[in-house]
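Chain residues, written in single-letter form:
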Amino acid sequence: MTLPRAVAGVRAAGGVGAARRDPAWRGRLLWLALAALLLWPALRAAEFTPWTLLDARSLRVSAGYLASFVPPDLRAPFLAEVAQATWRTVAIATSGISLALLLAVPLALLACASLSISRLGGRMAPLPFVLRQAARGTMALLRTVPELVWALLFVRVVGLGPTAGVLAIALTYGGMLGKVYAEILESADGQAARVLLINGATRLQALAYGLLPAARAELGSYTVYRWECAIRSSVVLGFVGAGGLGQRMDESIKALAGGEMATMLMVFVALVAAADRLSAWLRRELP
Amino acid sequence: MAGPVAPLAAGMRLDLEAVTLRRPGASGGRRPILDGVTLRVAPGEQLAIVGPSGCGKSSLLLAAALAQRPDAGSVRLDGSEAWAAAPRRRQQLRRALFLAPQAPPLPPRQRVVTAVLAGRLPMLGLWRSLSSLIYPDDIAGAQQALAAFGLGERLFDRVDRLSGGERQRVGLARALVAPARLWLIDEPLAALDPVRAVAVLDELCAQARQRGITLVVSLHQAELAQARFGRIVGLRDGAIAFDAAPAALHEGQWRDLYAGDEPPAMPAPAPALPPPIPAMCR
């Protein structure tokens, strides 16, 4: 047991007697023990048995599959195919995010309490309060349904193809972006916007001159991160027939074509890394 | 500087009537921040509010700026009952007043020119205000306002490159471009050195007088208030202790205003000077 020894060490380092002891550590220990106690049944319920990964048969299967990844498939016709699929995946993600913004921005502005004029006097008036709750509820509904479920629904309506993927991403991401935008705006320093409202500016003016200058870097980097997530989503949606890299991966997995998988995974890593660089650049360069 | 006020029609009339303001969420037992304050300010008048820290100076300005709804009493701007009016009318009244809080409300990453021009927002439509973010709408106006406070050179600097005193002056420069007829300025000199403080206060008073704007300033510096204002309102424990011309104030009143933690001792002989000490009847 390492824990009691560590505690003894702390006690020795703390010097004389119980007076020097951190009064909070007993509580911390309790919470840690409680968390471990709760985690155990969860792991059991999830049938989490990592050691099956390490038995001889599993190792042989994994090794065989991974070995087929080398060398990556770099034949020109396949690369052209991958390029086209990649372009389609990025296009689905970007269109989806753009549509999601159309949903998210108005909903976030509706939901954001920092831009409440009625709250200036003290309590928010009942009608704006109900409106804000309605906007929050709408966003919760939109993002509760996973994009995969939306996609399966839209595939039935509009048929197989990218349209279903774009619509699915637009709805789920509209809800997610709207919620987090509203929270970023509320946690930004609202004093500047509040004073503008007091001095007679409108909500949108207070947003543009008071809140956005304080929150735009956060908003920008969160949007780019969500775009990165949308690329991943659109790959997953490809597996259910939305086209793009996902659909191509599905074919390669079924054909046990490891070389093709390797190439596509590398493209995928490059995409995510590019999104990461873009986000870092935005945070640095946005004035 | 405490001369008679030019009777221009441009200034806004401000009437606070028995205004009581409690801390949000405070129970009835605790002393309110403002306790039945009555204050009438004529259009174009200039007055200073003085008093110890925590006496309610800032809250008085917030109540006058329609930023805090009083728990009791009324706030009238140009004679209209602000909190009884429709929200649209109230927002219209807010457009005609300018509140400068003690901590200048400037986003750190904004440029000075934008921060100053934000004062003009009430008279701009949405498109004009958005296009002003891309190319500043009135560079000359912003520069002139900054120059009045000795900051003409900092027009295109970012707010977070300024010192505390410079930020405070940027916040005041915003008043000069605002379409307001009532200036409510909270501790404008808090971050300034003594020499600069006098110049800034003089500029503020002169600009307000020139435009006929009603000016209410809260000040820590009792001497400056006495030297520059024709009317001084002493606030203590959320109530008005005196409201008079500086010449009419005697030393005992000043001493009582800033006296230790004991409750304000009302001097026994009621001074014959106008107005009587509890100025609520004014």
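Residues numbered from 1 in each chain as written. Chains lettered and ligands numbered in written order. Predicted model: local features only at pLDDT ≥ 70, side-chain atom pairs only at ≥ 80, totals over all residues.

A. View of the nonpolar core. Within the largest apolar cluster, 142 residues are counted, with the highest numbers of intra-cluster contacts made by B:V116 and B:L184. A domain split of this core shows at least three residues from each of domain 1 (14–96 + 180–281) and domain 2 (104–179) of chain B. (Core = buried A, V, L, I, M, F, W, Y, C linked by C-beta atoms within 7 Å. Buried ≥ 20, exposed ≤ 12 C-beta atoms within 10 Å, placed from the backbone. Domains from an automatic or database assignment.)

B. Quick look at the domain arrangement of chain B. All names here are of chain B. We note that the domain assignment places domain 1 (14–96 + 180–281) and domain 2 (104–179) within chain B. Every contact between the two is made by 12 residues of domain 1 and, on the other side, 12 residues of domain 2. Considered class by class, the residues forming the side of domain 1 that touches domain 2 number 8 nonpolar, 1 polar and 3 charged. (Contact = placed C-beta atoms within 7 Å. Nonpolar A, V, L, I, M, F, W, Y, C, P; charged D, E, K, R; others polar.)

C. Main features of the interface of chain B and chain A. Taken together, the 27 residues of chain B in the interface contact 22 residues of chain A. Elements represented by at least two residues in the side of chain B that touches chain A include exactly α2 (87–95), β6 (97–100) and α4 (126–134) of chain B. Of the residues in the side of chain B that touches chain A, the class split is 18 nonpolar, 5 polar and 4 charged. (Helix = DSSP H or I, 4+ residues; strand = E, 2+ residues; numbered from the N terminus.)

D. Broad picture of unusual backbone geometry. Across the junction of A:V70 and A:P71, the peptide omega takes the value -5°, indicating a cis bond. Residue position: A:P71 is located in the loop between α3 (56–67) and α4 (76–111). Of note, A:E47 is a non-glycine position whose phi angle comes to about 50°, a positive value. Structurally, the position occupied by A:E47 is in the loop between α2 (25–45) and α3. Even without being a glycine, B:E187 presents a positive backbone phi close to 45°.

E. Spatial organisation of the pairing of strand β3 (residues 46–50) of chain B. All names here are of chain B. Extensive coverage of β3 is indicated by the burial of 5 of its 5 residues. Where burial is concerned, the two faces of β3 agree: the one with Q46, A48 and V50 and the one with L47 and I49 are both buried. Pairing analysis gives 4 bridges linking β3 to strand β8 (residues 214–218), with the strands arranged parallel. Looking at β8, one finds that I49 is bridged to S218. Strand direction decides the pairing type here: β3 and strand β9 (residues 232–236), joined by 3 bridges, are parallel. Bridging across to β9, I49 finds its partner in V233. (Pairing = 2+ DSSP bridges.)

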